[in-house]
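Report on the structure
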Amino acid sequence: MYRLVFTQVLRRFDAEAVHHLTVSALALLTRLPVLKRLLHRALAPHDPALRVSAFGVHFPGPLGLAAGFDKDAACAEALASLGFGHVEVGTITAHAQPGNPRPRLFRLVREHALINRMGFNNAGAVAAARRLRRTRGVPVVIGVNIGKTKVVPESGAVADYVASAKELAPLADYLVVNVSSPNTPGLRDLQAVSLLRPLLTAVKQVADATPRPTPLLVKIAPDLADEDVDAVADLAVELGLDGIIATNTTIRHGGETGGLSGRPLKGRSLEVLRRLRAKVGDRLTLVSVGGVEDVDDVWERLLAGATLVQGYTGWIYGGPFWASRIHRQLSRRVRRHGLKSVTEAIGRTA
Ligand SMILES: Cc1cc2nc3c(=O)[nH]c(=O)nc-3n(C[C@H](O)[C@H](O)[C@H](O)COP(=O)(O)O)c2cc1C
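Residues numbered from 1 in each chain as written. Predicted model: local features only at pLDDT ≥ 70, side-chain atom pairs only at ≥ 80, totals over all residues. Heavy atoms only, no water.

Brief notes about the site of the ligand
By nearness alone, 26 residues border the ligand, and Ala67, Thr91, Gly262, Gly291 and Thr313 come closest of all. In the model, an oxygen atom of the ligand is placed 2.8 Å from a nitrogen or oxygen of the glycine 291 main chain. If the ligand stood free it would expose 610 Å²; the protein chains cover 98% of that surface. Of all the elements in the fold, those that place two or more residues in the shell around the ligand are strand 4 (87–92), strand 6 (113–116) and strand 11 (259–262). Residue composition of the shell around the ligand, grouped by class: eight nonpolar, 16 polar and two charged. (Near = heavy atom within 4 Å. Polar contact = N/O pair within 3.5 Å; in protein donor to acceptor, adjacent residues only side chain to side chain. Areas by Shrake-Rupley, 256 points an atom, 1.4 Å probe, with all protein chains shown as cover. Helix = DSSP H or I, 4+ residues; strand = E, 2+ residues; numbered from the N terminus. Nonpolar A, V, L, I, M, F, W, Y, C, P; charged D, E, K, R; others polar.)

Laid out in C-alpha cells, this is it:
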C-alpha cells in the first residue's frame, strides 16, 4: 500500500516539501494525546524481549530513528508512537542557520537511496532546548546530536560545540558529537585525533557536569580510512566516551553533491561496525546506522555487535510503520533462535 502511495503520489512532489509536511503532521500529532496514545499502544515495541540497555538508558527496542529527520526536536514523541525505540534529534548547532540553498534533498528511487546537502538547517540550540523541555517526563528516549555552526571558524569549533552541549546535555538521554556530516565545510576534518581530542574532552566535561551525567557518543563518517576508524575508537575508549555511532552518509558517489544514504551504504557501514567491534570489544556501545532496510539488516547488525541500530532512508522507502513492523519481526526472530531477548543476540558473531 505504502509502495503504491510512494510511487504514484509522494515521489511526484519535491522531497523536502514532503519532509516538512510530514514533520508538521507529526508535530500536530504530538498535540493530540488520545490519538498518540492509541498509536503508541498499537505500534510501539512492547515485547520485553526487545528491551535493551545501554549506557544506563533503557530502550524499549533496539531500532531508532537516525539524526537528520527531526532536526529541531519538533516531533520526537510522535515518532516514538510510530514504533521507534529512540529518536535522535538534530543536528542542532549553537546558532540558528538556514542551511544550503534548495534543492538540497534528492531521491534515488531505484537505488533505495537519498542524497542530501541540507547543511544543518535548524533553529539553534536555545530553540531546541525550549522544545525539549516540553517533552520531559514523556516516555521517549531522545538522543541529541550537535554540530558546528557553519560561520564559526575551526578555531572556534570547541567553544561552539560546548555552547550547544551546555544548553542541551541536561535535556538529552544521550548526547552525540557529530563530526561526520559532509555538508559543513571542514566539519569532517574534526575527526583527526589532534582536533577531536580537545573537542571531545571539552564536551565530555559539560556532559559529566549535568545532574545525571549525560552519556556521550561520537558519530563518524564511512569514508574514514580503516586506520582512522581505529584511531577514533582508541580515543573514544581513552577519553571514557560511552559509544560510537557509525556511520553518517558517504561522499563516495558520482551523483549530486552531498551525502549518500540508504542501500548503497550498507556494505561499508557493516564493515565499519565489524572493525569497531574487533577493536573495542564491549568497552563501548556501538550504534550501527547506514543502509538498514529490514529485519535481516537489524539482525545482522546486532550479531555484529551493535547494541542499537538506526535508520533513516529505509524508513522513507519502507513507510510510516517501518520501525513497528521490524520490531514485531524481531520479536519473532529472537524466539525462533531460542533466545530470551535481543540482548542475547548482540555480538554473537562479531
Ligand atoms: C536528509 C538527511 C539528513 C540528514 N541529516 C543528518 C544530520 O543532521 N546529522 C547527522 O548526524 N546525520 C544526518 N543524516 C545521516 C543519517 O543520520 C544517517 O547517518 C545516514 O543517513 C545513514 O543512514 P540511512 O542509510 O539509514 O539513511 C541525514 C541523512 C539524511 C538522509
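Now, onward.
Considering the packing of helix 9 (residues 266–280) against helix 10 (residues 295–303)
Helix 10 packs onto helix 9 with a crossing angle of 20 degrees between their chain directions and a minimal axis gap of 10 Å. With respect to helix 10, the element helix 9 is oriented roughly parallel. For the crossing formed where helix 9 meets helix 10, the hand is right-handed. Residue-level contacts link Lys266, Ser269, Leu270, Leu273 and Arg274 of helix 9 to Asp297, Glu300 and Arg301 of helix 10. Here the contact of helix 9 with helix 10 is composed, by residue class, of two nonpolar, one polar and five charged. (Axes fitted to C-alpha atoms, helices over the stretch in contact; angles between N-to-C directions. Parallel < 35°, antiparallel > 145°, perpendicular 65-115°, else oblique. Left-handed = near helix turned anticlockwise from the far one by under 90°. Contact = heavy atoms within 4.5 Å.)

Section: a positive patch on the surface
Residues Arg31, Arg130, Arg131 and Arg134 make up a contiguous surface patch of positive charge. Topologically, arginine 130 is positioned in helix 5 (residues 125–134). (Patch = residues over 30% accessible without salt bridge, like charges linked within 9 Å, V, L, I, M, F, W, Y side chains within 5 Å. Salt bridge = Lys/Arg side-chain N within 4 Å of Asp/Glu carboxyl O. Lys, Arg positive; Asp, Glu negative; His and termini not counted. Charge placed at Lys NZ, Arg CZ, Asp CG, Glu CD.)

Some details on the pairing of strand 11
Burial along strand 11 is two-sided: the face carrying Gly259 and Ser261 and the face carrying Leu260 and Gly262 are both buried. Strand direction decides the pairing type here: strand 6 and strand 11, joined by four bridges, are antiparallel. Paired with asparagine 116 across the bridge in strand 11 is glycine 259. (Buried < 20%, exposed > 50% of the residue type's maximum accessible area, 1.4 Å probe, protein only. Pairing = 2+ DSSP bridges.)

Thoughts on the UniProt feature "active site" (unreviewed entry) in the protein
In the numbering used here, UniProt assigns the "active site" (unreviewed entry) feature to Ser181. Within the secondary structure layout, serine 181 lies in the loop between strand 8 (174–178) and helix 7 (193–208). If we skip the residues at most four places from it in the chain, serine 181 touches Phe120, Leu187, Arg188 and Asn248. In this structure the side chain of serine 181 is engaged in a polar contact, spanning 2.9 Å, whose partner is the side chain of asparagine 178. (UniProt positions renumbered as here; feature names shortened; annotations may be inferred.)

Re the UniProt feature "binding site: substrate" (unreviewed entry) in the protein
Under the local residue numbering, the UniProt record ascribes the feature "binding site: substrate" (unreviewed entry) to Lys71, Asn116, Arg117, Met118, Gly119, Phe120, Asn178, Asn183, Asn248 and Thr249. Contact partners of glycine 119, with chain neighbours within four places excluded, come to Gln97, Gly99, Asn100 and Asn183. Looking at the secondary structure, you find phenylalanine 120 in the loop between strand 6 and helix 5.

Points about the side chain of lysine 266
Note that lysine 266 resides in helix 9. Among the polar contacts listed, one links the side chain of lysine 266 to the side chain of aspartate 297, at a separation of 2.9 Å. For lysine 266, the residues in contact, after removing those within four places along its chain, are Gly290, Gly291, Glu293, Asp297 and Arg301.

Section: helix 5
Buried residues of helix 5: Ala125, Ala128, Ala129 and Leu132, and no others. Seen from one end, helix 5 has its buried residues packed into an arc of 100 degrees, which puts them on one side. In this structure, the buried residues of helix 5 make contact with strand 4, strand 7 (142–146) and helix 6 (157–168). (Arc of directions from axis to C-beta.)

A closer look at unusual backbone geometry
Cis rather than trans, the peptide bond between arginine 102 and proline 103 has omega equal to -5 degrees. Residues alanine 246 and threonine 247 are joined by a peptide bond in cis, for which omega reads 15 degrees. Following the sequence through the fold, threonine 247 ends up in the loop between strand 10 (243–246) and strand 11. Residues other than glycine seldom take positive phi values, yet phenylalanine 55 does so here, at roughly 40 degrees. On the secondary structure map, phenylalanine 55 appears in the loop between strand 1 (52–54) and strand 2 (57–59).

Here's the deal with the side chain of histidine 19
Along the chain, histidine 19 falls in helix 2 (residues 15–30). Take histidine 19: its relative accessible area is 12%, and that puts it in the buried class. Among residues more than four places away in sequence, those in contact with histidine 19 are Gly68, Phe69 and Tyr312.

Details of the packing of aromatic side chains
Each aromatic ring pair is described using two quantities: the centre-to-centre distance and the angle formed by the ring planes. In the structure shown here, the tally under the stated rule is six aromatic pairs. Between phenylalanine 69 and tryptophan 315, the ring centres sit 4.8 Å apart and the planes meet at 80 degrees, which makes this aromatic pair edge-to-face. In this pair, phenylalanine 69 is assigned in the loop between strand 3 (63–65) and helix 4 (76–81) and tryptophan 315 in helix 11 (residues 313–318), connecting sequence segments 246 residues apart. You'll find phenylalanine 69 and tryptophan 315 in the same group, each marked buried. With a centroid separation of 5.3 Å and 85 degrees between ring planes, the pair formed by phenylalanine 84 and tryptophan 315 is classed as edge-to-face. One end of the pair, phenylalanine 84, is in the loop between helix 4 and strand 4; the other, tryptophan 315, is in helix 11, with 231 residues separating them in the sequence. (Phe/Tyr/Trp six-rings, centres within 6.5 Å; stacked < 30°, edge-to-face > 60°.)

Concerning a nonpolar patch on the surface
Taken together, the side chains of Leu28, Leu32, Val34, Leu35 and Leu38 make up a nonpolar region of the molecular surface, amounting to roughly 450 Å² of accessible area. Looking at the nonpolar patch element by element, the count peaks at three residues for helix 3 (residues 33–43). Assignment of secondary structure puts leucine 38 in helix 3. For leucine 38, a relative accessible area of 48% puts it in the partly exposed group.

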